[in-house]
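Descriptive structure summary
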Amino acid sequence: MATNRTFTMIKPEAVAKGYTGKIIDMIIGAGYQIKAMKLKSLSKTEAGEFYAVHAERPFYGELVDYMSGGPIVAMILEKDNAVEDFRTLIGATDPAEAAEGTIRKAYATSKGENAVHGSDSDENAAIESAFHFSAEEIVG
Ligand code: IDP
Ligand code: MG
């Protein structure tokens, strides 16, 4: 069943380049309410666990190094049709293929360093939210 929440991270290179505020502004402008938010650094172990589904991919080591290379901003976001609409808002994985007006078109550097994460299903949104937030860190 569809839920109304998704999970996102502003990734390390976007935080380092000072895009945090601009990206949050686009997210709120698209109609999302922030239900939880934190700035945190991921250890290599945490980054590896979060992206475990990609463990067999050739870019996995690079991805783990990148995601543990500086602080990220994790958020739980709420809106109707949250997961699907957020994937539209962030755009294609490779910014060269991302549509105009998307977050990745505006702020991503490359297919690897692509500014934001967005959950790909309601089930993964719930798993990823629980990975980063306890129940008391989420507003009602
Ligand atoms: P998504 O973030 O658009 O859902 P996924 O295929 O789930 O894309 O890949 C997860 C993350 O792994 C991407 O956001 C990106 O940071 C990284 N990644 C994906 N494909 C490549 C690649 O071909 N080279 C380097 N990094 C990649
Ligand atoms: Mg994905």
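Shown above is the structure to which this text applies.
Structural notes, computed from the coordinates.

Scoring rules and cut-offs
Residues numbered from 1 in each chain as written. Chains lettered and ligands numbered in written order. Predicted model: local features only at pLDDT ≥ 70, side-chain atom pairs only at ≥ 80, totals over all residues. Heavy atoms only, no water. Phe/Tyr/Trp six-rings, centres within 6.5 Å; stacked < 30°, edge-to-face > 60°. Helix = DSSP H or I, 4+ residues; strand = E, 2+ residues; numbered from the N terminus. Buried < 20%, exposed > 50% of the residue type's maximum accessible area, 1.4 Å probe, protein only. Near = heavy atom within 4 Å. Polar contact = N/O pair within 3.5 Å; in protein donor to acceptor, adjacent residues only side chain to side chain. Areas by Shrake-Rupley, 256 points an atom, 1.4 Å probe, with all protein chains shown as cover.

1. What about the packing of aromatic side chains?
Tallied over the full model, the rule gives five aromatic pairs. The interplanar angle of 45 degrees and the centroid separation of 4.7 Å between the aromatic rings of Y19 and Y107 together place this pair among those described as tilted. Of this pair, Y19 sits in the loop between α1 (12–16) and α2 (20–29) while Y107 sits in helix α6 (residues 103–107), and the two are 88 residues apart along the sequence. With a relative accessible area of 16%, Y107 lands in the buried category. Plain terms: the ring middles of F50 and F131 are 5.6 Å apart, the flat faces sit at 70 degrees to each other, and that makes the pair edge-to-face. Of the two residues, F50 sits in helix α3 (residues 44–50) while F131 sits in helix α7 (residues 122–132), which places them 81 residues apart along the sequence.

2. A look at the site of ligand 1
In the region of ligand 1, the neighbouring residues are K11, H54, F59, E62, L63, R87, T93, R104, K111, G112 and N114. One of the side-chain N or O atoms of K11 is found 2.9 Å from an oxygen atom in ligand 1. Here an oxygen atom of ligand 1 and a side-chain polar atom of R104 are 3.0 Å apart. Taking 530 Å² as the accessible area of ligand 1 by itself, protein coverage stands at 81%.

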